[in-house]
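Chain and residue survey
Listed below, chain by chain, are the residues.
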Amino acid sequence: MADLKPILLVEDNPNDIELTLAALEKSQLANKIVICRDGAEALDFLRRQGPHAARPEQDPAVVLLDLKLPKVDGLEVLAAVKGDPRTRAIPIVMLTSSREESDLVRSYQLGVNAFVVKPVGFKEFFEAIQDLGVFWAVLNEPPPHRASWGSGD
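All figures in this text were calculated on a predicted structure; none of them were measured in a lab.

1. Description of the sheet that holds strand β4 (residues 92-96)
Sheet strands pair via backbone hydrogen bonds, and the direction of the pair is either parallel or antiparallel. With parallel pairing, five strands are arranged side by side in an open sheet as β2-β1-β3-β4-β5. Sheet topology places β2 (33-36) and β5 (114-117) at the edges, where each strand pairs with a single neighbour. Strand after strand, the sheet turns through a mean of 20° between neighbouring axes, direction not considered. As judged from the four bridges shared by strand β1 (residues 7-10) and β2, these two strands associate in the parallel manner. Looking across to β2, one finds that Ile7 is bridged to Ile33. Each of β1, β2 and β3 (62-65) is contacted by helix α1 (residues 14-26), which is oriented at about 170° to β2, the strand it contacts most.

2. A look at the pairing of β4
It is a general feature of regular strands that their side chains alternate between the two faces of the sheet. With five of five residues buried, β4 lies mostly within the body of the structure. Side chains of β4 alternate between two faces, with Ile92, Met94 and Thr96 and Val93 and Leu95 buried alike. Alignment of β3 against β4, held across three bridges, turns out to be parallel. If you follow Leu64 over to β4, its bridge partner there is Val93. Since β3 and β4 lie parallel, the crossover through helix α3 (residues 74-82) that links them has a hand, and here it is right-handed. Here β4 runs beside β5; their pairing, made up of four bridges, is parallel.

Reading guide: rules and limits
- Residues numbered from 1 in each chain as written.
- Predicted model: local features only at pLDDT ≥ 70, side-chain atom pairs only at ≥ 80, totals over all residues.
- Heavy atoms only, no water.
- Pairing = 2+ DSSP bridges.
- Helix = DSSP H or I, 4+ residues; strand = E, 2+ residues; numbered from the N terminus.
- Axes fitted to C-alpha atoms, helices over the stretch in contact; angles between N-to-C directions.
- Contact = heavy atoms within 4.5 Å.
- Buried < 20%, exposed > 50% of the residue type's maximum accessible area, 1.4 Å probe, protein only.
- Right-handed = clockwise from strand over helix to strand, strands pointing away.

Right, here's the structure in full:
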């Protein structure tokens, strides 16, 4: 199953990382989970630069992106990814505890694919992550490989 795309989790909270990994594992997804703990590292990963320069060219199936991150916040990561023709087709799910309407509106203005408020309860959070993992890694049909796209982006 080497053709499975990884899931990129961009999260700085160790408890949320642990819970997310457990939920994705319970979904029995075979996708590799890559963790970046700040926005700068996520951009390096997605752009294949810095410590991630040698990673395979395969883009993630989905990016689960926290809003409040050190170094570069989630909205800045989102803007950079969706503003770059090389990465704009990568699905991004904003996964945040923010219930601020301005964060929701800004995320959609920048091109987020989905905005999910982290449920407070353990069980609800666990189920939400499982559903997200299955949808984006299994059910969603991504666009064809970018090499086959015309240069008229």
